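# A look at the structure
Spelled out, the chains give:
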Amino acid sequence: MASPSNARFRISAKAIIVEDDALLTIHCRDDHGDFYYLPGGGQEMGETVTDALKRECLEEIGCRVEPGPLLFVRDYISWNHEFVDLGADTHQVELMFRATIVDGDRPGTPTVPDGLQIGFAWLALDDLPATRFYPQAMRSQLVDAARSHTREATYLGAVN
């Protein structure tokens, strides 16, 4: 499918936060049940990518984070994926950083939750491959990266 004429382009920053062999995720629910994805979101004009990550995490998981190294880059091109019905007008480049929760903070009530968000959840890394987690294509790579502290950034391509 070709790009829609009203397509928009955006940069998104995502946090990979792992504690006690569990990944901190955004917990959502739709007509097909529960699903999960990394906290984070779109960069605003004049904002650095890491500042966007900090702001989005505060909004979605209710705590401050400290961005670390870049682990993954992904293109999300909506008109190439199963979610095209939800909006066929987005090409988003996602930058996924290892991050840590700032000392003294803990995830809590989101101040600006995403549309389908019902909270946050810690997912056991061993359970991630069988979980409805997006992007699905990176589940095993994410588990490997979460357990390794010597990983170079990987371009995942246009995957979902």
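Note that the structure is predicted; figures quoted are calculated from it, not measured.

## Considerations on the packing of aromatic side chains
- On inspection of all chains with the given rule, the structure shows two aromatic pairs.
- Measuring from centroid to centroid gives 6.2 Å for Phe 35 and Tyr 37, while their planes differ by 35 degrees, and the two rings are tilted. Assigned by exposure class, Phe 35 and Tyr 37 land together as buried.
- Geometrically, the ring pair formed by Phe 35 and Tyr 134 is edge-to-face, given 5.9 Å between the ring centres and 75 degrees between the ring planes. In this pair, Phe 35 sits in strand 4 (residues 33-37) while Tyr 134 sits in strand 9 (residues 133-134), placing the two residues 99 residues apart along the sequence.

## Here we look at the sheet that holds strand 6 (residues 65-77)
- Strands sit in the order 5-1-7-6-10 across an open sheet of five strands; the sheet is mixed. In this open sheet, the two strands that pair with only one neighbour each are strand 5 (40-42) and strand 10 (154-157). Ignoring which end each strand starts from, the neighbouring axes of this sheet average 20 degrees apart.
- Strand direction decides the pairing type here: strand 1 (residues 8-16) and strand 7 (residues 90-101), joined by nine bridges, are parallel.

## Here's the deal with helix 2 (residues 139-147)
- Those residues of helix 2 that sit buried are Arg 139, Leu 142, Val 143, Ala 145 and Ala 146. Along the axis of helix 2, the buried positions cluster into a sector of 165 degrees, meaning they face one direction only.
- In this fold, the buried residues of helix 2 make contact with strand 1, strand 2 (18-19), strand 3 (22-30), strand 6, strand 7 and strand 9.

## Here's the deal with the nonpolar core
- Judged by nonpolar contacts, the single largest core of 20 residues is most densely connected at Ala 15, Ile 17, Leu 53, Cys 57, Ile 61 and Val 65.
- At the level of elements, strand 1, strand 3, strand 4, helix 1 (49-61), strand 6 and strand 7 are the ones that each hand at least two residues to this core.
- Once residues within four sequence positions are removed from consideration, Val 65 is found in contact with Ile 17, Leu 53, Lys 54, Cys 57, Ala 99, Thr 100, Ile 101 and Val 102.
- Counting 19 residues, the second largest nonpolar core, distinct from the first, contains Ala 121, Leu 125, Phe 133 and Met 138.

## Comments concerning unusual backbone geometry
- With an omega of 0 degrees, the peptide bond between Tyr 134 and Pro 135 qualifies as cis.
- Counting through the fold element by element, Pro 135 comes out in the loop between strand 9 and helix 2.
- Located in the positive-phi region is Asp 20, a residue other than glycine, with phi close to 50 degrees.
- Of note, Asp 20 is situated in the loop between strand 2 and strand 3.
- With relative accessibility at 78%, the residue Asp 20 sits in the exposed group.
- Notably, Asp 21 is not glycine yet its phi reads approximately 65 degrees, a positive angle.
- Within the secondary structure layout, Asp 21 lies in the loop between strand 2 and strand 3.
- A relative accessible area of 37% places Asp 21 in the partly exposed class.

## Structural notes on the pairing of strand 3
- Burial runs high along strand 3: seven of the nine residues are buried.
- Two strands pair when backbone bridges link them, and strand 2 and strand 3 are joined in this way by two bridges, in the antiparallel orientation. Looking across to strand 3, one finds that Val 18 is bridged to Leu 23.
- Two successive antiparallel strands, strand 2 and strand 3, enclose a turn made up of two residues, where Asp 20 displays a positive phi of approximately 50 degrees.
- Both strand 3 and strand 8 (residues 117-124) contribute to a ladder of seven bridges, which runs antiparallel.

## Observations concerning the pattern of salt bridges
- Applying the stated criterion across every chain, the model contains eleven salt bridges.
- Notably, a salt bridge pairs Arg 147 with Asp 21, separated by 2.9 Å at the nearest N-O pair. One end of the pair, Arg 147, is in helix 2; the other, Asp 21, is in the loop between strand 2 and strand 3, with 126 residues separating them in the sequence.
- Here the salt bridges share partners, and the residues they tie into one network are Glu 44, Glu 47, Arg 55, Glu 56 and Glu 59.

Scoring rules and cut-offs
Residues numbered from 1 in each chain as written. Predicted model: local features only at pLDDT ≥ 70, side-chain atom pairs only at ≥ 80, totals over all residues. Heavy atoms only, no water. Phe/Tyr/Trp six-rings, centres within 6.5 Å; stacked < 30°, edge-to-face > 60°. Buried < 20%, exposed > 50% of the residue type's maximum accessible area, 1.4 Å probe, protein only. Helix = DSSP H or I, 4+ residues; strand = E, 2+ residues; numbered from the N terminus. Pairing = 2+ DSSP bridges. Axes fitted to C-alpha atoms, helices over the stretch in contact; angles between N-to-C directions. Arc of directions from axis to C-beta. Contact = heavy atoms within 4.5 Å. Core = buried A, V, L, I, M, F, W, Y, C linked by side-chain atoms within 4.5 Å. Salt bridge = Lys/Arg side-chain N within 4 Å of Asp/Glu carboxyl O.

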